[in-house]
Amino acid sequence: MKTNRRCRALLAVSLNLMALLFSTTAFITTHWCEGTQRVPKPSCGKEKKTNCLNYGGNETANETNQNVVHYSWETGDDRFLFRYFHTGIWYSCEENINAAGEKCRSFIDLAPASEKGVLWLSVVSEVLYIMLLVVGFSLMCLELFHSSSVIDGLKLNAFAAVFTVLSGLLGMVAHMMYTQVFQVTVSLGPEDWRPHSWDYGWSFCLAWGSFTCCMAASVTTLNSYTKTVIEFRHKRKVFEQGFREEQNFLDQEAIKYFRERTEEERAEAGDLRLQCLHSCSPN
(Lines give C-alpha, C1' and ligand atoms only; values in the text may rest on other atoms or scores of the structure.)
Protein backbone atom coordinates (compact mmCIF):
# COMPACT_ATOMS: atom_id res chain seq x y z
CA MET A 1 0.00 0.00 0.00
CA LYS A 2 2.83 2.39 0.87
CA THR A 3 4.49 1.86 -2.52
CA ASN A 4 1.24 2.50 -4.40
CA ARG A 5 0.63 5.70 -2.41
CA ARG A 6 4.15 6.92 -3.18
CA CYS A 7 3.74 6.21 -6.91
CA ARG A 8 0.44 8.12 -7.00
CA ALA A 9 2.00 11.00 -5.07
CA LEU A 10 4.94 11.16 -7.51
CA LEU A 11 2.54 11.21 -10.45
CA ALA A 12 0.50 14.02 -8.90
CA VAL A 13 3.64 16.08 -8.18
CA SER A 14 4.89 15.60 -11.75
CA LEU A 15 1.57 16.66 -13.26
CA ASN A 16 1.37 19.69 -10.97
CA LEU A 17 4.92 20.73 -11.89
CA MET A 18 4.11 20.46 -15.59
CA ALA A 19 0.98 22.55 -15.09
CA LEU A 20 3.01 25.19 -13.23
CA LEU A 21 5.70 25.36 -15.93
CA PHE A 22 3.16 25.51 -18.77
CA SER A 23 1.06 28.21 -17.11
CA THR A 24 4.08 30.39 -16.27
CA THR A 25 5.44 30.10 -19.80
CA ALA A 26 2.07 30.95 -21.33
CA PHE A 27 1.61 33.90 -18.97
CA ILE A 28 4.86 35.63 -19.94
CA THR A 29 4.88 34.85 -23.69
CA THR A 30 3.06 36.64 -26.53
CA HIS A 31 1.83 33.80 -28.72
CA TRP A 32 -1.71 33.29 -27.43
CA CYS A 33 -3.07 34.43 -30.78
CA GLU A 34 -1.23 35.02 -34.04
CA GLY A 35 -2.05 35.85 -37.64
CA THR A 36 -1.70 38.57 -40.26
CA GLN A 37 -2.73 42.22 -40.51
CA ARG A 38 -3.61 43.96 -43.81
CA VAL A 39 -1.71 47.25 -43.95
CA PRO A 40 -0.89 49.74 -46.78
CA LYS A 41 2.51 49.43 -48.37
CA PRO A 42 4.91 52.22 -47.43
CA SER A 43 6.27 54.73 -49.91
CA CYS A 44 9.45 53.81 -51.72
CA GLY A 45 12.57 55.68 -50.69
CA LYS A 46 16.30 55.38 -50.41
CA GLU A 47 16.09 52.86 -47.58
CA LYS A 48 12.86 51.17 -48.73
CA LYS A 49 12.97 49.73 -52.23
CA THR A 50 10.96 46.53 -51.91
CA ASN A 51 7.28 45.94 -51.06
CA CYS A 52 6.57 49.66 -51.42
CA LEU A 53 4.55 52.11 -53.51
CA ASN A 54 6.21 54.35 -56.10
CA TYR A 55 4.43 57.73 -56.20
CA GLY A 56 6.23 59.06 -59.29
CA GLY A 57 9.86 58.47 -58.55
CA ASN A 58 12.46 57.15 -60.95
CA GLU A 59 10.46 54.53 -62.82
CA THR A 60 13.45 53.51 -64.98
CA ALA A 61 15.42 52.50 -61.92
CA ASN A 62 12.47 50.65 -60.46
CA GLU A 63 10.99 48.92 -63.46
CA THR A 64 13.28 45.91 -63.05
CA ASN A 65 12.26 45.47 -59.39
CA GLN A 66 9.22 43.23 -59.24
CA ASN A 67 8.46 44.17 -55.61
CA VAL A 68 7.90 47.85 -56.35
CA VAL A 69 4.27 48.79 -57.06
CA HIS A 70 3.65 51.80 -59.29
CA TYR A 71 0.86 53.76 -57.66
CA SER A 72 -2.46 54.02 -59.42
CA TRP A 73 -6.07 53.96 -58.28
CA GLU A 74 -6.63 50.65 -60.06
CA THR A 75 -4.01 48.64 -58.20
CA GLY A 76 -6.47 47.45 -55.49
CA ASP A 77 -4.91 44.87 -53.18
CA ASP A 78 -1.50 45.54 -54.70
CA ARG A 79 -1.34 48.58 -52.44
CA PHE A 80 -1.49 46.37 -49.31
CA LEU A 81 0.71 43.78 -47.71
CA PHE A 82 0.13 41.31 -44.88
CA ARG A 83 2.36 41.54 -41.87
CA TYR A 84 2.68 38.87 -39.19
CA PHE A 85 1.65 39.58 -35.60
CA HIS A 86 1.34 37.68 -32.34
CA THR A 87 -0.43 38.68 -29.15
CA GLY A 88 -0.23 37.68 -25.49
CA ILE A 89 -1.82 38.85 -22.28
CA TRP A 90 0.57 41.78 -21.92
CA TYR A 91 1.85 42.72 -25.38
CA SER A 92 0.98 42.54 -29.06
CA CYS A 93 4.03 42.37 -31.35
CA GLU A 94 3.92 43.09 -35.09
CA GLU A 95 6.38 42.65 -37.89
CA ASN A 96 8.14 45.92 -38.69
CA ILE A 97 7.66 46.54 -42.42
CA ASN A 98 10.04 49.50 -42.47
CA ALA A 99 12.97 47.77 -40.77
CA ALA A 100 14.09 44.44 -39.42
CA GLY A 101 12.63 43.05 -36.23
CA GLU A 102 9.30 43.63 -34.49
CA LYS A 103 7.57 46.44 -32.66
CA CYS A 104 5.39 45.75 -29.66
CA ARG A 105 2.65 47.65 -27.86
CA SER A 106 0.57 46.97 -24.78
CA PHE A 107 -2.41 44.76 -25.44
CA ILE A 108 -4.16 46.33 -22.44
CA ASP A 109 -4.06 49.67 -24.28
CA LEU A 110 -5.40 48.05 -27.45
CA ALA A 111 -8.43 46.48 -25.75
CA PRO A 112 -11.69 48.47 -25.91
CA ALA A 113 -12.61 50.42 -22.80
CA SER A 114 -15.62 48.16 -22.21
CA GLU A 115 -13.33 45.11 -22.00
CA LYS A 116 -10.47 46.46 -19.90
CA GLY A 117 -12.16 45.38 -16.67
CA VAL A 118 -12.60 41.83 -17.98
CA LEU A 119 -8.99 41.78 -19.17
CA TRP A 120 -7.66 42.86 -15.78
CA LEU A 121 -9.88 40.26 -14.13
CA SER A 122 -8.35 37.69 -16.46
CA VAL A 123 -4.85 38.81 -15.47
CA VAL A 124 -5.69 38.58 -11.75
CA SER A 125 -7.21 35.12 -12.27
CA GLU A 126 -4.08 33.97 -14.10
CA VAL A 127 -1.88 35.19 -11.23
CA LEU A 128 -4.08 33.45 -8.64
CA TYR A 129 -4.06 30.32 -10.80
CA ILE A 130 -0.26 30.21 -10.72
CA MET A 131 -0.11 31.00 -6.99
CA LEU A 132 -2.56 28.23 -6.10
CA LEU A 133 -0.58 25.83 -8.28
CA VAL A 134 2.52 26.72 -6.27
CA VAL A 135 0.64 26.12 -2.99
CA GLY A 136 -0.69 22.77 -4.23
CA PHE A 137 2.77 21.74 -5.45
CA SER A 138 4.34 22.65 -2.09
CA LEU A 139 1.74 20.63 -0.16
CA MET A 140 2.24 17.63 -2.45
CA CYS A 141 6.02 17.80 -1.91
CA LEU A 142 5.52 17.99 1.87
CA GLU A 143 3.21 14.99 1.76
CA LEU A 144 5.72 13.08 -0.37
CA PHE A 145 9.00 13.83 1.41
CA HIS A 146 8.31 15.19 4.90
CA SER A 147 5.13 13.49 6.09
CA SER A 148 5.80 11.97 9.53
CA SER A 149 2.67 9.81 9.66
CA VAL A 150 -0.04 8.51 7.41
CA ILE A 151 -2.67 10.72 9.06
CA ASP A 152 -0.61 13.86 8.48
CA GLY A 153 -0.03 12.73 4.89
CA LEU A 154 -3.76 12.34 4.35
CA LYS A 155 -4.42 15.84 5.67
CA LEU A 156 -1.78 17.34 3.35
CA ASN A 157 -3.17 15.27 0.50
CA ALA A 158 -6.67 16.61 1.02
CA PHE A 159 -5.55 20.25 1.19
CA ALA A 160 -3.38 19.81 -1.91
CA ALA A 161 -6.35 18.40 -3.83
CA VAL A 162 -8.57 21.32 -2.79
CA PHE A 163 -6.02 23.97 -3.80
CA THR A 164 -5.31 22.23 -7.10
CA VAL A 165 -9.00 22.00 -8.01
CA LEU A 166 -9.52 25.68 -7.17
CA SER A 167 -6.51 26.67 -9.27
CA GLY A 168 -7.82 24.67 -12.22
CA LEU A 169 -11.21 26.39 -12.06
CA LEU A 170 -9.55 29.82 -11.89
CA GLY A 171 -7.31 28.96 -14.84
CA MET A 172 -10.25 27.88 -16.96
CA VAL A 173 -12.13 31.10 -16.20
CA ALA A 174 -9.04 33.21 -16.93
CA HIS A 175 -8.42 31.56 -20.31
CA MET A 176 -12.05 31.97 -21.36
CA MET A 177 -12.11 35.64 -20.32
CA TYR A 178 -8.96 36.40 -22.30
CA THR A 179 -10.41 34.69 -25.37
CA GLN A 180 -13.54 36.82 -25.08
CA VAL A 181 -11.50 40.04 -24.75
CA PHE A 182 -9.35 39.20 -27.78
CA GLN A 183 -12.37 38.44 -29.96
CA VAL A 184 -13.99 41.75 -29.00
CA THR A 185 -10.70 43.58 -29.66
CA VAL A 186 -10.54 42.04 -33.13
CA SER A 187 -13.86 43.68 -33.93
CA LEU A 188 -13.62 46.94 -31.98
CA GLY A 189 -9.89 47.51 -31.56
CA PRO A 190 -7.76 50.14 -33.36
CA GLU A 191 -8.01 50.01 -37.14
CA ASP A 192 -4.24 49.85 -37.58
CA TRP A 193 -4.15 46.70 -35.43
CA ARG A 194 -7.23 44.69 -36.43
CA PRO A 195 -6.20 41.28 -37.82
CA HIS A 196 -7.05 40.18 -41.33
CA SER A 197 -6.82 36.54 -40.26
CA TRP A 198 -5.82 34.96 -36.96
CA ASP A 199 -5.67 31.71 -35.03
CA TYR A 200 -4.62 30.50 -31.60
CA GLY A 201 -0.89 30.10 -30.99
CA TRP A 202 1.34 27.79 -28.98
CA SER A 203 1.03 29.87 -25.79
CA PHE A 204 -2.73 29.33 -25.86
CA CYS A 205 -2.14 25.59 -26.29
CA LEU A 206 0.27 25.64 -23.33
CA ALA A 207 -2.32 27.43 -21.20
CA TRP A 208 -4.97 24.79 -21.82
CA GLY A 209 -2.34 22.04 -21.51
CA SER A 210 -1.55 23.48 -18.08
CA PHE A 211 -5.24 23.33 -17.17
CA THR A 212 -5.39 19.68 -18.30
CA CYS A 213 -2.32 18.73 -16.23
CA CYS A 214 -3.74 20.64 -13.24
CA MET A 215 -7.03 18.77 -13.31
CA ALA A 216 -5.23 15.45 -13.84
CA ALA A 217 -3.06 16.21 -10.78
CA SER A 218 -6.13 17.03 -8.70
CA VAL A 219 -7.90 13.83 -9.80
CA THR A 220 -4.78 11.78 -9.00
CA THR A 221 -4.49 13.40 -5.56
CA LEU A 222 -8.16 12.82 -4.76
CA ASN A 223 -7.86 9.26 -6.00
CA SER A 224 -4.86 8.68 -3.73
CA TYR A 225 -6.72 10.16 -0.76
CA THR A 226 -9.86 8.10 -1.44
CA LYS A 227 -7.97 4.84 -1.94
CA THR A 228 -5.97 5.35 1.25
CA VAL A 229 -9.10 6.05 3.29
CA ILE A 230 -10.88 3.01 1.82
CA GLU A 231 -7.89 0.78 2.55
CA PHE A 232 -7.73 2.00 6.15
CA ARG A 233 -11.46 1.41 6.63
CA HIS A 234 -11.16 -2.09 5.17
CA LYS A 235 -8.23 -2.93 7.44
CA ARG A 236 -10.09 -1.53 10.44
CA LYS A 237 -13.16 -3.60 9.56
CA VAL A 238 -11.05 -6.77 9.21
CA PHE A 239 -9.29 -6.03 12.50
CA GLU A 240 -12.57 -5.43 14.34
CA GLN A 241 -14.08 -8.58 12.87
CA GLY A 242 -11.03 -10.62 13.91
CA PHE A 243 -11.09 -9.05 17.37
CA ARG A 244 -14.75 -9.96 17.78
CA GLU A 245 -14.10 -13.55 16.70
CA GLU A 246 -11.15 -13.78 19.07
CA GLN A 247 -13.25 -12.29 21.88
CA ASN A 248 -16.06 -14.76 21.21
CA PHE A 249 -13.56 -17.61 21.19
CA LEU A 250 -12.08 -16.47 24.51
CA ASP A 251 -15.56 -16.08 25.98
CA GLN A 252 -16.48 -19.58 24.89
CA GLU A 253 -13.25 -20.96 26.30
CA ALA A 254 -13.89 -19.13 29.58
CA ILE A 255 -17.47 -20.46 29.77
CA LYS A 256 -16.24 -23.97 29.00
CA TYR A 257 -13.52 -23.67 31.64
CA PHE A 258 -15.90 -22.43 34.34
CA ARG A 259 -18.47 -25.05 33.38
CA GLU A 260 -15.91 -27.85 33.66
CA ARG A 261 -14.60 -26.37 36.90
CA THR A 262 -18.15 -26.24 38.30
CA GLU A 263 -18.77 -29.84 37.33
CA GLU A 264 -15.50 -30.91 38.95
CA GLU A 265 -16.39 -29.03 42.14
CA ARG A 266 -19.82 -30.65 42.16
CA ALA A 267 -18.26 -34.05 41.70
CA GLU A 268 -15.79 -33.42 44.52
CA ALA A 269 -18.62 -32.17 46.76
CA GLY A 270 -20.61 -35.35 45.99
CA ASP A 271 -17.60 -37.52 46.83
CA LEU A 272 -17.14 -35.68 50.09
CA ARG A 273 -20.79 -36.26 51.00
CA LEU A 274 -20.51 -39.98 50.26
CA GLN A 275 -17.37 -40.25 52.36
CA CYS A 276 -19.08 -38.37 55.17
CA LEU A 277 -22.10 -40.66 54.99
CA HIS A 278 -19.92 -43.79 55.05
CA SER A 279 -17.86 -42.51 57.96
CA CYS A 280 -20.82 -41.36 59.97
CA SER A 281 -23.10 -44.39 59.45
CA PRO A 282 -23.19 -47.04 62.37
CA ASN A 283 -21.70 -50.49 61.79
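Residues numbered from 1 in each chain as written. Predicted model: local features only at pLDDT ≥ 70, side-chain atom pairs only at ≥ 80, totals over all residues. Heavy atoms only, no water.

**Observations concerning the nonpolar core**
Convention followed: The nonpolar core is taken to be a set of buried Ala, Val, Leu, Ile, Met, Phe, Trp, Tyr and Cys residues, with the residues joined through side-chain atoms within 4.5 Å. Here's how the labels work: a residue is buried when its accessible area is under 20% of the maximum for its type, exposed when over 50%, partly exposed in between, all with a 1.4 Å probe on protein chains only. By definition, any uninterrupted DSSP run of H or I lasting at least four residues is a helix, any uninterrupted run of E lasting at least two residues is a strand, and each is numbered from the N terminus. Two residues qualify as a contact provided that any one of their heavy atoms is within 4.5 Å of a heavy atom in the partner residue.
Core analysis: the biggest nonpolar cluster contains 28 residues, and Trp 32, Phe 107, Leu 119, Tyr 178, Phe 182 and Trp 193 have the highest contact counts within it. Those elements that place two or more of their residues in this core are helix 1 (2-28), helix 3 (107-110), helix 4 (116-145), helix 5 (150-188) and helix 6 (202-280). The leading source of residues in this core is helix 6, at 6 residues. The residues touching Phe 107, leaving out its near neighbours within four places in the chain, are Thr 87, Gly 88, Ile 89, Trp 90, Tyr 91, Ser 92, Leu 119, Tyr 178, Val 181, Phe 182, Thr 185 and Trp 193. One finds Ala 9, Leu 139, Met 140 and Cys 141 within the second-largest nonpolar core, a separate group that totals 10 residues.

**Quick notes on the sheet that holds strand 4 (residues 80-87)**
To be explicit about the condition: Two strands pair if DSSP finds at least two bridges between them. Axis definition: a line fitted to C-alpha atoms, limited for helices to the stretch in contact. Angles are taken between N-to-C directions and run from 0 to 180 degrees.
Sheet architecture is open: 5 strands sit in the order 6-5-4-1-7, paired in antiparallel fashion. The strands lining the two open edges of the sheet, one partner per strand, are strand 6 (102-106) and strand 7 (197-200). Going across the sheet, the axis of each strand differs from the next one's by a mean of 25 degrees, ignoring polarity.

**A closer look at the UniProt feature "transmembrane region" (unreviewed entry) in the protein**
Under the convention used in this document: UniProt positions are given in the numbering used here, feature names are shortened, and annotations may be inferred rather than shown by experiment.
Under the UniProt annotation, the feature "transmembrane region" (unreviewed entry) is placed at residues 127-146, 158-180 and 200-226. Across residues 158-180, the secondary structure splits into 100% helix and 0% strand, with the terminal C-alpha atoms separated by 34 Å.

**Observations concerning the packing of aromatic side chains**
Note the threshold: Any two rings among Phe, Tyr and Trp, with Trp reduced to its six-membered ring, count as a pair given centres within 6.5 Å; such a pair is stacked if its planes are under 30 degrees apart, edge-to-face if over 60, and tilted if neither.
A full pass over the atoms with the stated rule returns 14 aromatic pairs. Relative to Trp 120, the ring of Trp 90 has its centre 6.5 Å away and its plane inclined at 75 degrees; by these criteria the two rings are edge-to-face. Here Trp 120 lies in helix 4 and Trp 90 lies in the loop between strand 4 and strand 5 (91-95), a separation of 30 residues in the sequence. Taking the relative accessible area as the measure of exposure, Trp 90 reaches 28% and is therefore partly exposed. Ring geometry for Phe 107 against Trp 193: centres 6.2 Å apart, planes inclined by 55 degrees, an arrangement best described as tilted. Of this pair, Phe 107 sits in helix 3 while Trp 193 sits in the loop between helix 5 and strand 7; the two residues are 86 residues apart in sequence, bridging distant segments of the chain. Across the pair, Trp 193 and Phe 107 agree in class, each one buried. Among the aromatic side chains, those forming a connected cluster through ring pairs are Trp 32, Phe 85, Phe 107, Tyr 178, Phe 182, Trp 193, Trp 198, Tyr 200, Phe 204, Trp 208 and Phe 211.

**Focus: the environment of Ile 89**
Relative to the helices and strands, Ile 89 resides in the loop between strand 4 and strand 5. Ile 89 gets classed as buried once you look at its relative accessible area, which sits at 0%. When the C-alpha atoms of Ile 89 and His 31 are compared, they prove to be 9.0 Å apart, with 58 residues separating the residues in sequence. If sequence neighbours within four positions are ignored, Ile 89 has contacts with Phe 27, Thr 29, Trp 32, Phe 107, Ile 108, Val 123, Glu 126 and Tyr 178.

**With respect to the confidence of the model for the protein**
Formally: pLDDT is a residue-level measure of predictor confidence that goes from 0 to 100.
Averaged over every residue, the pLDDT of the protein is 78; the share at 70 or more is 63%. In the model, residues 68-75 has pLDDT below 50 throughout and makes 21 contacts with residues more than four positions away in sequence or in other chains.

**Section: the pairing of strand 5**
Alignment of strand 4 against strand 5, held across 3 bridges, turns out to be antiparallel. Within strand 5, the position partnered with His 86 by the bridge is Cys 93.

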